[in-house]
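What the coordinates show
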Amino acid sequence: MNGPERRIYDAALAAADPYQAVRRSLTLADGRLRAGERTYALDKLDELLVVGGGKAAAAMGRAVEEILGERVGAGLLVTVPGGPSPLRRIPLARASHPLPDEAGEAAARKILALLEAAGPRALVLCLLSGGASALLAAPAPGLSLEDKQAATALLLGAGAAIDELNAVRKHLSAVKGGRLARAAHPAALLTLILSDVIGDRLDAIASGPTVPDPTTFADAA
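Counting from 1, residues in each chain are numbered in the order their sequence is written. pLDDT decides what is reported in this predicted model: residues at 70 or higher carry local features, side-chain atom pairs at 80 or more are listed and counted, and totals for whole chains, interfaces and linings draw on all residues regardless. Hydrogens and waters are ignored; side-chain quantities use all the structure's heavy atoms.

1. Considering the overall build of the protein chain
Here a strand is any run of E in DSSP of at least two residues, a helix any run of H or I of at least four, and the numbering for each starts at the N terminus. For the protein chain, the count of helices and strands is nine helices and eight strands. The reference for a compact globule is 2.2 Å times residues^0.38; the radius of gyration itself is calculated from the C-alpha atoms. Taking 2.2 N^0.38 as the reference for a compact globule, 221 residues should give roughly 17 Å; the C-alpha atoms of the protein chain span a radius of gyration of 17 Å, in line with that estimate. Classification of residues uses two cut-offs on accessible area relative to the type maximum, computed with a 1.4 Å probe and protein chains only: under 20% is buried, over 50% is exposed, and between them is partly exposed. Out of the 221 residues in the protein chain, the part that is buried amounts to 46%. A separation threshold of at least 6 residues defines the contact pool for the protein chain, and within that pool the share at least 24 residues apart is 73%. Surface exposure of the protein chain reaches about 10,800 Å², of which carbon and sulfur atoms provide 55%. Charged side chains of the protein chain number 24 positive and 24 negative; the gap between the two group centres comes to 5 Å. Residues are treated as being in contact if the distance between any of their heavy atoms lies within 4.5 Å. The Shrake-Rupley method, run with a 1.4 Å probe, gives the accessible areas here. Residue values count only the displayed protein chains as cover. Residues scored as charged are limited to Lys and Arg (positive) and Asp and Glu (negative), so that His and the chain ends carry no count. Charged groups are reduced to one reference atom each: NZ for lysine, CZ for arginine, CG for aspartic acid, CD for glutamic acid.

2. Some words on the packing of aromatic side chains
Any two of the Phe, Tyr and Trp rings considered here, Trp counted by its six-membered ring, make a pair once their centres fall within 6.5 Å; the pair's planes then place it as stacked at under 30 degrees, edge-to-face at over 60, or tilted in between. In this structure the tally under the stated criterion is zero aromatic pairs. One cation-aromatic arrangement involves Arg62 over Tyr19; the distance from NZ or CZ to the ring centre is 4.2 Å. Any Lys NZ or Arg CZ found within 6 Å of a ring centre and within 35 degrees of that ring's normal is scored as a charge over the ring.

3. Details of the pattern of salt bridges
What counts as a salt bridge is simple: a side-chain nitrogen of Lys or Arg found within 4 Å of a carboxyl oxygen of Asp or Glu. Enumeration according to the criterion identifies nine salt bridges in this entry. Residues Asp46 and Arg121 are paired through a salt bridge, measuring 3.0 Å at the closest nitrogen-oxygen approach. Residue Asp46 is found in the loop between β3 (38-41) and β4 (47-53), and its partner Arg121 is found in the loop between α4 (102-116) and β7 (122-128); the two are separated by 75 residues along the sequence. Overall, Asp46 belongs to the exposed group, its relative accessible area being 58%. For Arg121, a relative accessible area of 42% puts it in the partly exposed group.

4. Examining the environment of Ala181
Inspection of the secondary structure puts Ala181 in helix α8 (residues 179-184). Overall, Ala181 belongs to the partly exposed group, its relative accessible area being 24%. When the C-alpha positions of Ala181 and Lys148 are compared, they lie 21 Å apart, and in sequence the two are 33 residues distant. Beyond its immediate chain neighbours, meaning those up to four positions away, Ala181 contacts Leu189, Pro209 and Thr210.

5. Observations regarding helix α2 (residues 18-25)
Listing the buried residues of α2 in full gives Pro18, Tyr19, Ala21 and Val22. End-on view of α2: buried residues confined to an arc of 165°, all on one side of the axis. The secondary structure elements touched by the buried residues of α2 are α1 (4-16), β1 (26-29), α3 (57-68) and β8 (188-193). By the criterion applied in these results, polar contacts are pairs of N or O atoms within 3.5 Å in which, for protein atoms, one can donate a hydrogen and the other can accept it, and in which residues neighboring in sequence qualify only through two side-chain atoms. The opening residue of α2, the one whose side-chain oxygen lies 3.1 Å from the backbone nitrogen of Tyr19, is Asp17. Each direction from the helix axis to a C-beta atom contributes to the arc, which is the arc of those directions.

6. Describing the sheet that holds β7
One bridge is not enough; two strands pair if DSSP finds at least two bridges between them. As summarised here, the arrangement of the five strands in space is β6-β5-β4-β7-β8, forming an open sheet in which the pairing is parallel. This sheet does not close on itself; its edge strands, each paired only once, are β6 (92-94) and β8. Taking the axes of each pair of neighbouring strands and ignoring which way they run, one obtains an average angle of 20° across the sheet. Sheet analysis places β4 next to strand β5 (residues 75-79), joined by four bridges and oriented parallel. Paired with Gly52 across the bridge in β5 is Leu77. Here the axes come from fitting lines to C-alpha atoms, over the contacting stretch only for helices, and the angles between their N-to-C directions go from 0 to 180 degrees. With respect to the sheet, α4 is in contact with β4, β5, β6 and β7, its orientation differing from that of β5 by roughly 155°.

7. Overview of the nonpolar core
Within the largest apolar cluster, 31 residues are counted, with the highest numbers of intra-cluster contacts made by Val78, Ile111, Leu115 and Val124. Among the secondary structure elements, those contributing two or more residues to this core are β4, β5, α4, β7, α5 (132-135) and α8. Within this scheme, the nonpolar core is defined by two criteria: the residues are buried Ala, Val, Leu, Ile, Met, Phe, Trp, Tyr or Cys, and they are joined through side-chain atoms within 4.5 Å.

8. Details of helix α7 (residues 162-170)
Burial in α7 covers these residues: Leu165, Asn166, Ala167, Val168, Arg169 and Lys170. Buried-residue contacts for α7 involve α5, α6 (145-157), α8 and α9 (217-220).

Any link to function would need more than the numbers given here.
Printed below as a string of structure tokens:
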């Protein structure tokens with residue numbers, strides 16, 4: 001590949017690069033962290049937690065570390081096996097995709113525990129990208145990991161679209177469908193989302209762990 005086709009290809013990869021996307025979206029100046037229209041005075045915070053998951057989580061986390069440095073406190077990012085080396089400050093866990101596994105469940109439970117312990121002067125920075133639905137796999141009360149694995153396998157085998165798949169997964173989860181945001185309360189929550197869903201529906205990307213869920217149990221059924 002060369003000429004215009006190669007330039008188009010390279011431009012597309014650069015535009016979608018998760019590290020660069022975070023560097024463009026998150027800035028720090030004079031002790032104030034800015035993301036879009038939101039600004040946070042870091043000297044008013046007791047702690048800054050970085051959590052999340054996805055196939056691009058490590059690259060997104062590396063950008064956050066470069067921007068925030070030693071201001072990053074506790075946290076955990078869940079990503080797929082292989083890929084980038086461990087980060088300097090943010091722990092990385094590796095889990096299975098597209099079917100969830102025990103490592104993803106353990107990591108999701110640890111993230112929930114971190115958020116439930118966060119106070120009102122904490123800022124939770126949540127990094128989400130494609131694959132997080134499988135990687136952050138904490139079943140809802142009364143369900144097992146095997147239940148989630150079976151449901152996911154059946155839906156994938158039936159050719160379910162991503163919004164259909166995630167409508168079901170949200171109603172089987174202790175994390176998805178806004179439940180991660182619920183766990184973080186009363187801390188402030190800022191989510192950076194790298195979309196892999198056509199139309200960029202925030203409730204569909206990673207099954208929307210930090211946004212309201214417009215789908216219902218009837219939709220899932």
